[in-house]
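So the chains spell out like this:
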Amino acid sequence: MVRVLVVDDSVTVRALFENIINDSEEYILAGTLENAKAAPIFCMREQVDLVIMDVYTKNRENGLEAAAEIKKQFPGIKIIISTSLPEASFQEKAKGAGCESFWYKELGDIDLKSIMDRTMSGESVYPENNPVIEIGMAKSVEFTPMEMEVLRKLCDGKINKVIGEELHMSENTVKFHITNMLSKAGYSNKYQLAIDAVEQKLIVPGF
Amino acid sequence: MTIIAFSLILTYMSMIAVDLLVAVRIYRTRFGINAIVDICIHIILMVEAVLYKAALSTGRVLSVETANENGIMFGIKTLGILIPLIAFLYGVSELIFEYYLRIRTINAASISRAFEQLDCGILFTEADGSRVLTNRAMKQISVALFGINRTFQKNFWEQLENYKSENVQKVEFAGEMAFILENGTIYSIHRTLLEDKKRQYYEITAQDITKIYLRSLELKNKIEALGALEGRLAKTLENVADIQQERELLSYKYHIHDELGNAILRGRRLSKQNSISPVERAEYTENWKRIYKLFRSSSNQGFATGTDFYMDIVKTAAAIGCNLLIAGERPRNSEVLALTIREAVYNAVKHSHANVVMVNGKIEGDRYRIEISDNGSDKPTDIVEGGGLTNMRKAIENAGGSLTIDITDGVHLSVILPKNEEY
């Protein structure tokens, strides 16, 4: 039996996951948590083989950070990151943390069970691409990696000067990137751009 | 005739004397080539007069008529060559003079005059503070600051440093002290130590920064306004994320509704059929089972949050095998306290292997004192603050409270939070 820990702050999602696990022959529920930070502690105390980890959990606790901590302490535990946020950096961060699989929990193509099976048989399952989001007139993939970094800082509410310092570029370069994004998206100011990026979940501030 | 000659000689000699006086006076301030040229002209004229006297006395000139003929002709011939030559020399000397005036002719007097006219105030003092040199602007500033009687005392600089007055406001600008005078002018005062070969001087300068100062105030206000705006943006962005989360939840609720609708429709269809196959029956049963489970799990854990704001943490603690006991007085809905208790529970279980965490609060005047301790078996000897603990401290201090960590016997947190405030 594979012991599964479910970390998700939505009652309904947890219920769906629990049902999938309880209905199966080979999985058993080890526990459910709402807070990501509690997950590594749970793994210290109980036998866990597989973690299904949400990214944006209760009290804004970061599932990716918790996953990285679990992987560091217990490399044997397999982790599936499950999120509904199309945030551009999540897949990369999940890979960096050493998580086996990544799953966008969109209803419709819901087949968590098969991802769990494939993960447990040693496969690593990641979506082929980041979901494409439309920011104004632009598609999210049209933004360059550098522009995405600037946008991320912008969504943290930082001013150009601070962004420049943190990304080791001049204030004018920051402005240049922002102007480029604005012209791609067809927006007139950076606030519109930032709010749209956050609302569309291209960027989740603080994650 | 001799009288005329002598009077001419005397006149020219006195002219040369005047020239010399003028030259000496001018020489103090500028290079007097033109004065020397004047002297030369007069010497030539005097020599001419001497020659005329000599001509008279030797008898080569006998009468006024012949004197006019010979003497004046002699004068005209001599001057005819000399005057153009002198005019030429004079012109050249003027050019050279102009050139030297610009480049070389800086002397004490010219410095003093330029210094006096400077817009910025300058004061040179000895190392002990006694005054060496100052200018008009500095005098005016000193009078405006200290009044006419107490201006430029030996401890001028110390007086400036400790300056207090009702009429003049002392401010700091770009790391220097500055004074806003009654007439609205703002001076920034700066002192530098100058070292000569033998002695030390202080140079104290006063720079009019009225415009810069006012502009910088304006800029500062604008930056502050911008900062507030950025802060609001950050907050809005966070809210946007939360709203989006709600939307997702709603979509899952729709999913349950779909499942329910699906089951009802299937039921209706089956009820109209004459016979029901075992497969259909199994599917239909499965359908309802799923719905039952969804509802059961929802109602078990409750869509609504617990009655107590901190019940969620008790649940989280229980999930990681920790019994969280909350007692006594505490803020009713404090995000800050919730964060604190949560972090304390994580740390107690993780690092001290505790299975009980106790939170006890009481009111002390206008604030809460909340003590958090645990029964952990591993008692740490030192704590490195970082991550969760830093966030905790920041949140508490932002709310106007304080956090003390005592590790003499297990970890003991003491949290002070102000009363009657929402945080």
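These numbers come from a predicted model, not from an experiment. (Residues numbered from 1 in each chain as written. Chains lettered and ligands numbered in written order. Predicted model: local features only at pLDDT ≥ 70, side-chain atom pairs only at ≥ 80, totals over all residues. Heavy atoms only, no water.)

Enquirer: Before we move on, could you go through the overall build of chain A and cite the residues and values that matter?
Expert: Scanning chain A from terminus to terminus reveals nine helices and seven strands. Of all 207 residues assigned to chain A, the portion counted as buried reaches 55%. Contacts in chain A between residues at least 24 apart in sequence constitute 66% of all its contacts with a sequence separation of at least 6. Of the roughly 8,500 Å² of accessible surface on chain A, 50% is carried by carbon and sulfur atoms. (Helix = DSSP H or I, 4+ residues; strand = E, 2+ residues; numbered from the N terminus. Buried < 20%, exposed > 50% of the residue type's maximum accessible area, 1.4 Å probe, protein only. Contact = heavy atoms within 4.5 Å. Areas by Shrake-Rupley, 256 points an atom, 1.4 Å probe, with all protein chains shown as cover.)

Enquirer: Please provide a residue-by-residue account of the overall build of chain B, values included.
Expert: On a plain count of helices and strands, chain B comes out with 11 helices and 11 strands. For chain B, the residues scored as buried account for 33% of the 423 residues in total.

Enquirer: Describe in detail the interface of chain B and chain A, supporting the description with residues and values.
Expert: Listed by partner, the interface residues are 41 residues for chain B and 45 residues for chain A. When chain B packs against chain A, the two sides together hide about 3,800 Å² of surface, and 58% of this comes from carbon and sulfur. Counting the contacts that link chain B with chain A gives nine residue pairs in polar contact (both at pLDDT 80 or more). When residues of the side of chain B that touches chain A are traced back to their parent elements, those giving at least two are α7 (210-272), α8 (278-301), α9 (311-319) and α10 (335-351) of chain B. Ranked by the residues each element gives to the side of chain B that touches chain A, the list is headed by α7 of chain B, at 19 residues. (Buried area = accessible area lost by both parts, 1.4 Å probe. Polar contact = N/O pair within 3.5 Å; in protein donor to acceptor, adjacent residues only side chain to side chain.)

Enquirer: Which residues make up the sheet that holds strand β1 (residues 121-126) of chain B, and what values go with them?
Expert: Residues and elements named next belong to chain B. In space, the six strands of this open sheet follow the order β2-β1-β6-β5-β4-β3, with antiparallel pairing throughout. Each edge of the open sheet carries a strand with a single partner, namely β2 (131-134) and β3 (169-173). Going across the sheet, the axis of each strand differs from the next one's by a mean of 25°, ignoring polarity. The sheet contact formed by strand β5 (residues 186-195) and strand β6 (residues 200-208) spans nine bridges and is antiparallel. Within β6, the position partnered with Ile-189 by the bridge is Ala-206. Sitting on the sheet, helix α5 (residues 136-146) is in contact with β1, β2, β4 (176-180), β5 and β6, with an inclination near 85° to β1. (Pairing = 2+ DSSP bridges. Axes fitted to C-alpha atoms, helices over the stretch in contact; angles between N-to-C directions.)

Enquirer: Would you mind going over the nonpolar core in detail, with residue names and values included?
Expert: Of all hydrophobic cores here, the largest spans 65 residues; its most connected members are Val-51, Met-53 and Ile-81 of chain A. For this core, the leading source of residues is α10 of chain B, giving nine residues. (Core = buried A, V, L, I, M, F, W, Y, C linked by side-chain atoms within 4.5 Å.)

Enquirer: Lay out unusual backbone geometry in plain terms, naming residues and giving numbers.
Expert: Even without being a glycine, His-168 of chain A presents a positive backbone phi close to 55°. With respect to the helices and strands, the residue His-168 of chain A is situated in the loop between α7 (160-166) and α8 (171-185). Residue classification places His-168 of chain A among the exposed positions, given a relative accessible area of 73%. Although it is not a glycine, His-353 of chain B adopts a positive phi angle of roughly 55°. Along the chain, His-353 of chain B falls in the loop between α10 and β8 (356-364).

Enquirer: Kindly report on the packing of helix α6 (residues 145-155) of chain A against α8 of chain A, identifying the contributing residues and their values.
Expert: Residues and elements named next belong to chain A. Two elements in contact, α6 and α8, have axes separated by 10 Å at closest approach and are oriented at 95°. The angle between α6 and α8 places the two elements in the roughly perpendicular class. On the side of α6, the interface is formed by Met-146, Glu-147, Val-150, Leu-151 and Leu-154, while α8 contributes Val-174, His-177, Ile-178, Asn-180, Met-181 and Lys-184. Of the residues in the contact of α6 with α8, the class split is seven nonpolar, two polar and two charged. (Parallel < 35°, antiparallel > 145°, perpendicular 65-115°, else oblique. Nonpolar A, V, L, I, M, F, W, Y, C, P; charged D, E, K, R; others polar.)

Enquirer: Describe the sheet that holds strand β1 (residues 2-7) of chain A, with residues and values.
Expert: Within a beta sheet, neighbouring strands are joined by backbone hydrogen bonds and run either parallel or antiparallel to one another. Residue and element names in this part refer to chain A. One open sheet holds the five strands; their spatial order is β2-β1-β3-β4-β5, and the pairing between them is parallel. Every interior strand has two partners, whereas the edge strands, β2 (27-33) and β5 (101-104), have only one. Between one strand axis and the next, the sheet turns by 20° as a mean value, whatever way the strands run. Note that β1 and strand β3 (residues 50-54) share four bridges and pair parallel. Bridging from a neighbouring strand, Val-4 pairs with Leu-50 of β3. Most of the contacts of helix α1 (residues 11-23) go to β2, to which it runs at about 160°, and overall it touches β1, β2, β3, β4 (78-83) and β5.

Enquirer: Please set out the pattern of salt bridges residue by residue, giving values where relevant.
Expert: In a structure, side chains of opposite charge can pair up when their charged atoms sit close to one another. Inspection of every chain in the model, using the stated rule, returns 25 salt bridges over all chains. As a salt-bridge pair, Arg-367 of chain B and Glu-364 of chain B come within 3.9 Å of each other at their nearest N and O atoms. The class for Glu-364 of chain B is partly exposed, based on a relative accessible area of 26%. One network of salt bridges, with partners in common, ties together Arg-14, Glu-34 and Lys-58 of chain A together with Asp-312 and Lys-315 of chain B. (Salt bridge = Lys/Arg side-chain N within 4 Å of Asp/Glu carboxyl O.)

Enquirer: Could you give an account of the packing of helix α2 (residues 38-45) of chain A against α10 of chain B, naming the residues involved and the relevant values?
Expert: Two numbers describe how α2 of chain A lies on α10 of chain B: the axes approach to 10 Å, and their chain directions differ by 25°. Here α2 of chain A is positioned roughly parallel relative to α10 of chain B, judged by the angle of their axes. Every pair of crossing elements has a handedness; the one defined by α2 of chain A and α10 of chain B is left-handed. Listed contacts from α10 of chain B to Ala-38, Ile-41, Met-44 and Arg-45 of chain A of α2 of chain A are Tyr-346, Val-349 and Lys-350 of chain B. Residues that form the contact of α2 of chain A with α10 of chain B fall into these classes: five nonpolar, no polar and two charged. (Left-handed = near helix turned anticlockwise from the far one by under 90°.)

Enquirer: Which residues make up α10 of chain B, and what values go with them?
Expert: Structural remark: α-helix, 3.6 residues per turn; residues separated by three or four positions point the same way. Residues and elements named next belong to chain B. Relative to the 24 Å expected for 17 residues at 1.5 Å per residue, α10 spans 24 Å between its end C-alpha atoms, a close match to the ideal helical length. When you tally the buried positions in α10, you get 12 out of 17 residues, the bulk of the element. Among all positions in α10, only Val-336, Leu-337, Ala-338, Thr-340, Ile-341, Arg-342, Glu-343, Ala-344, Val-345, Tyr-346, Ala-348 and Val-349 are buried. With a side-chain oxygen positioned 3.3 Å from the backbone nitrogen of Val-336, the residue opening α10 is Ser-334. (Expected span 1.5 Å × (residues − 1).)

Enquirer: Would you mind going over the packing of aromatic side chains in detail, with residue names and values included?
Expert: Enumeration according to the criterion identifies eight aromatic pairs over all chains in this entry. Look at Phe-146 of chain B and Phe-156 of chain B: their rings are 5.7 Å apart centre to centre, the planes differ by 65°, and that puts the pair in the edge-to-face class. Separated by 10 residues along the polypeptide, Phe-146 of chain B in helix α5 and Phe-156 of chain B in helix α6 (residues 156-161) bring together distant segments of the chain. A single burial state applies to Phe-146 of chain B and to Phe-156 of chain B, both of which are buried. Pairwise contacts between aromatic rings join Phe-146, Phe-156, Tyr-163 and Phe-179 of chain B into one cluster. Directly above the aromatic system of Tyr-56 of chain A lies the positively charged group of Lys-201 of chain A, at a separation of 5.3 Å from the ring centroid. The aromatic ring of Tyr-202 of chain B is capped on one face by Arg-191 of chain B, whose charged end is 4.1 Å from the ring centroid. (Phe/Tyr/Trp six-rings, centres within 6.5 Å; stacked < 30°, edge-to-face > 60°. Lys NZ or Arg CZ within 6 Å of the ring centre and 35° of its normal.)

Enquirer: Provide a residue-level description of the pairing of β3 of chain B, including the pertinent values.
Expert: All names here are of chain B. In this sheet, β4 lies alongside β3 in antiparallel orientation, the contact comprising five bridges. Within the sheet, the bridge partner assigned to Val-171 lies in β4 and is Ala-178. What sits between the antiparallel neighbours β3 and β4 is a turn of two residues, in which Ala-174 has the positive phi angle 50°.

Enquirer: Can you break down a nonpolar patch on the surface residue by residue, with the values?
Expert: Residue and element names in this part refer to chain B. Taken together, the side chains of Leu-85, Phe-88, Leu-89, Val-92 and Ile-96 define a hydrophobic patch exposed on the protein surface, amounting to about 460 Å² of accessible area. Following the sequence through the fold, Phe-88 ends up in helix α3 (residues 64-103). The class of Phe-88 is exposed, set by a relative accessible area of 57%. (Patch = residues over 30% accessible without salt bridge, like charges linked within 9 Å, V, L, I, M, F, W, Y side chains within 5 Å.)

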